[in-house]
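Summary of structural features
Each chain is listed here by its residues.
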There are 2 protein chains.
Amino acid sequence: MGGPKKPEQERCAAILAAAYEIALAEGLDAVTARRVATAAGISTGLVFFHFQSKDGLLEALLGVLLDGTLDALSDSGLERLEPWDRLERMIRVELERLVEYHGAVELIFAFYFSRRDDLFRTRIESNFGRYLQAFSPVCREVAVGTRIQGDELAATVVALVQGASIQAIRNPEIFDPEAILATLRAVRPA
Amino acid sequence: MGGPKKPEQERCAAILAAAYEIALAEGLDAVTARRVATAAGISTGLVFFHFQSKDGLLEALLGVLLDGTLDALSDSGLERLEPWDRLERMIRVELERLVEYHGAVELIFAFYFSRRDDLFRTRIESNFGRYLQAFSPVCREVAVGTRIQGDELAATVVALVQGASIQAIRNPEIFDPEAILATLRAVRPA
DNA sequence: CTCTACATTGATCGCACGGTCAATGATCAC
DNA sequence: GTGATCATTGACCGTGCGATCAATGTAGAG
């Protein structure tokens, strides 16, 4: 028994990488301590040594997913654009990210729907909530001088983006951000 | 051994009802043959006698869910309305159904994301596809004489409705169809 | 009443899972 | 070199699962 020693950081990263790979390829259910250990080339016990429990491993995996996919929301660098252009630009960025990361986004939804307890949901919920916060300011600006209510527009935009994520998961090849963006431009008040 | 005999139809319905109840209350993972049998007041073997396998039971349960929640899409009875009013009305109907059936819709998503194989996905996919078919005609009518493309509008509407379903699941108490509907009315071309 | 076909039972199998742990290897300070 | 510390192993435990099946009860046909 015993084996080569590696620093904790490096090991954890390797285990998480293996878990990520398995989850992407075969789904969350396939992420078991044994399979992850085998994929990472280590023993099962080491997984629990580094992550305490399977839930610990999954929490860490969820953290990787959320960091990698939902963390770039911002309209910085767009200050000089008109509100409508800024909003369209933000939506475009999000929709194009969906195409790129649809696998990870699918896993986030799998996390969300796999459990009803709060272990994963509150984490994901708070990340989803940041969508609303990110879109709210520009939506309020867009609404000024129109019949639109800023907060209602923000809720609608968030729903639209999240619905688009479902479409991107359902059929990544066919999903086309331009269809949605073109419709938004067409209904944009002059 | 042995016990009272009931017709197959009645038994299956009772088993499905028990499975539905457990799924709604505790999630898909809690739907095991043993738990369903206990909840239905029968033995475990009988579940497999009537549904062959756990997947058979889940397929039947999914059928119940899909029949009960996604099956009422139609714009019949709205012929006399203007296209925009018809579209708004259809969206309103769908959004209000979401509030009522968010538990069942959540289970459908749980089915969708719990597996990557085609057993459940194709079923759900075909039901989702009917959304697009249902919204397409009226969207094409709405688009006539505008810069909007009918099929692009339909794709956008479907994304919006499905995104709204996520919102309704995330927080059924707070979710407000009127916010989205008001925004749609506000951007509606005169 | 008897025979046949079917519904029902619950013990049982094999399996994969999450988790534990004593034993062992590697590393480093001194 | 020596001892303390920590990473690592893999066998092992208990559990709950899906599934099977011989035994048994039930109902209806003749």
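A quick note: this is a predicted structure, and the numbers were derived from the prediction, not measured.

In total, this model carries 24 salt bridges over all chains according to the counting rule given. Where R116(A) meets E106(B), a salt bridge forms, and the shortest distance between an N and an O atom there is 3.5 Å. Highlighted residues: R116(A) in the loop between α5 (83-114) and α6 (118-143) and E106(B) in helix α5 (residues 83-114), drawn from two different chains. We classify E106(B) as buried; its relative accessible area is 9%. Counted as one network, the salt bridges with shared partners bring together E88(A), R92(A), E96(A), E178(A) and R185(A).

Moving on: the packing of α5(A) against helix α7 (residues 150-170) of chain A. All names here are of chain A. Orientation of α5 relative to α7, taken along the N-to-C sense of each, is 45°, at an axis distance of 8 Å. By the angle between their directions, the pair α5 and α7 is classed as oblique. Considering how the two elements wind past one another, α5 and α7 form a crossing that is right-handed. The segment α5 lies against α7, with L87, I91, E94, L95, L98, H102, V105, E106 and F109 engaging L153, V157, V161, A164, S165, I166, A168 and I169. The residue inventory of the contact of α5 with α7, partitioned by class, reads 13 nonpolar, two polar and two charged.

Right, let's get into helix α2 (residues 33-40) of chain B. All names here are of chain B. The complete set of buried residues in α2 reads A33, V36 and A37. The buried residues of α2 occupy an angular sector of 100° when the element is viewed end-on, so they sit on one face. In this structure, α2 carries R34, T38 and A39 as exposed residues pointing more than 90 degrees from its buried face. Looking one or two residues beyond α2, the residue adopting positive phi is G41, at roughly 75°.

This brings us to the nonpolar core. Counting residues in hydrophobic clusters, the biggest one holds 133 residues, and the most contacted among them are F135(A) and F135(B). Each residue touching F135(B), except ones within four places of it in the same chain, is listed here: L73(B), L87(B), M90(B), I91(B), E94(B), V157(B), V158(B) and V161(B).

Moving on: the domain arrangement of chain A. How big an interface is tends to be stated in terms of accessible area lost as the parts join. All names here are of chain A. Domain parsing of chain A yields domain 1 (8-52) and domain 2 (67-187). On the side of domain 2, six residues touch domain 1, which itself brings four residues to the contact. Buried surface at the junction of domain 1 and domain 2, both sides included, amounts to about 370 Å², of which 87% is carbon and sulfur. When residues of domain 1 are sorted by the area they lose upon contact with domain 2, Y20, L24 and L28 head the list and together hold 88% of the total. Here domain 1 and domain 2 share zero residue pairs in polar contact (both at pLDDT 80 or more) between them. When grouped by side-chain class, the residues that make up the side of domain 1 that touches domain 2 number four nonpolar, no polar and no charged.

Right, let's talk about the relation of the copies chain B and chain A for a bit. One copy of the chain maps onto the other through a rotation about an axis plus a displacement along that axis. Of the transformation superimposing chain B on chain A, the axial component is 0.0 Å and the angular component is 180°, with the fit at an RMSD of 0.1 Å. The transformation just described matches what one would write down for a two-fold rotation axis. Closest approach to the rotation axis within chain B is made by the C-alpha atom of G163(B), at a distance of 1.7 Å. Residue by residue, 100% of the interface of chain B is reproduced at the interface of chain A, so both copies engage with the same surface.

Here the focus is the UniProt feature "domain: HTH tetR-type" (unreviewed entry) in chain A. Annotation from UniProt places "domain: HTH tetR-type" (unreviewed entry) at residues 9-69 of chain A. When the span residues 9-69 of chain A is considered, its composition is 82% helix and 0% strand, and the gap between its end C-alpha atoms is 22 Å.

A few words now on the interface of chain B and chain A. Across the contact, 40 residues belong to chain B and 40 residues belong to chain A. Of the roughly 3,500 Å² buried between chain B and chain A on both sides combined, carbon and sulfur atoms contribute 58%. For chain B, the biggest contributors to the area lost against chain A are F113(B), R116(B) and R170(B); these three give 22% of the whole. A salt bridge links E125(A) to R170(B); the shortest N-O distance between them is 2.7 Å. At the boundary of chain B with chain A, the tally comes to 15 residue pairs in polar contact (both at pLDDT 80 or more). Mapped onto the side of chain B that touches chain A, the elements with two or more residues apiece are α1 (8-26), α5, α6 (118-143), α7 (150-170) and α8 (177-187) of chain B. For the side of chain B that touches chain A, the element with the most residues is α7(B), which contributes 13 residues. Here the side of chain B that touches chain A is composed, by residue class, of 22 nonpolar, eight polar and ten charged.

Reading the values: rules and limits
- Residues numbered from 1 in each chain as written.
- Chains lettered and ligands numbered in written order.
- Predicted model: local features only at pLDDT ≥ 70, side-chain atom pairs only at ≥ 80, totals over all residues.
- Heavy atoms only, no water.
- Salt bridge = Lys/Arg side-chain N within 4 Å of Asp/Glu carboxyl O.
- Helix = DSSP H or I, 4+ residues; strand = E, 2+ residues; numbered from the N terminus.
- Buried < 20%, exposed > 50% of the residue type's maximum accessible area, 1.4 Å probe, protein only.
- Axes fitted to C-alpha atoms, helices over the stretch in contact; angles between N-to-C directions.
- Parallel < 35°, antiparallel > 145°, perpendicular 65-115°, else oblique.
- Left-handed = near helix turned anticlockwise from the far one by under 90°.
- Contact = heavy atoms within 4.5 Å.
- Nonpolar A, V, L, I, M, F, W, Y, C, P; charged D, E, K, R; others polar.
- Arc of directions from axis to C-beta.
- Core = buried A, V, L, I, M, F, W, Y, C linked by side-chain atoms within 4.5 Å.
- Domains from an automatic or database assignment.
- Buried area = accessible area lost by both parts, 1.4 Å probe.
- Polar contact = N/O pair within 3.5 Å; in protein donor to acceptor, adjacent residues only side chain to side chain.
- Least-squares fit on C-alpha atoms with pLDDT ≥ 70 in both.
- UniProt positions renumbered as here; feature names shortened; annotations may be inferred.

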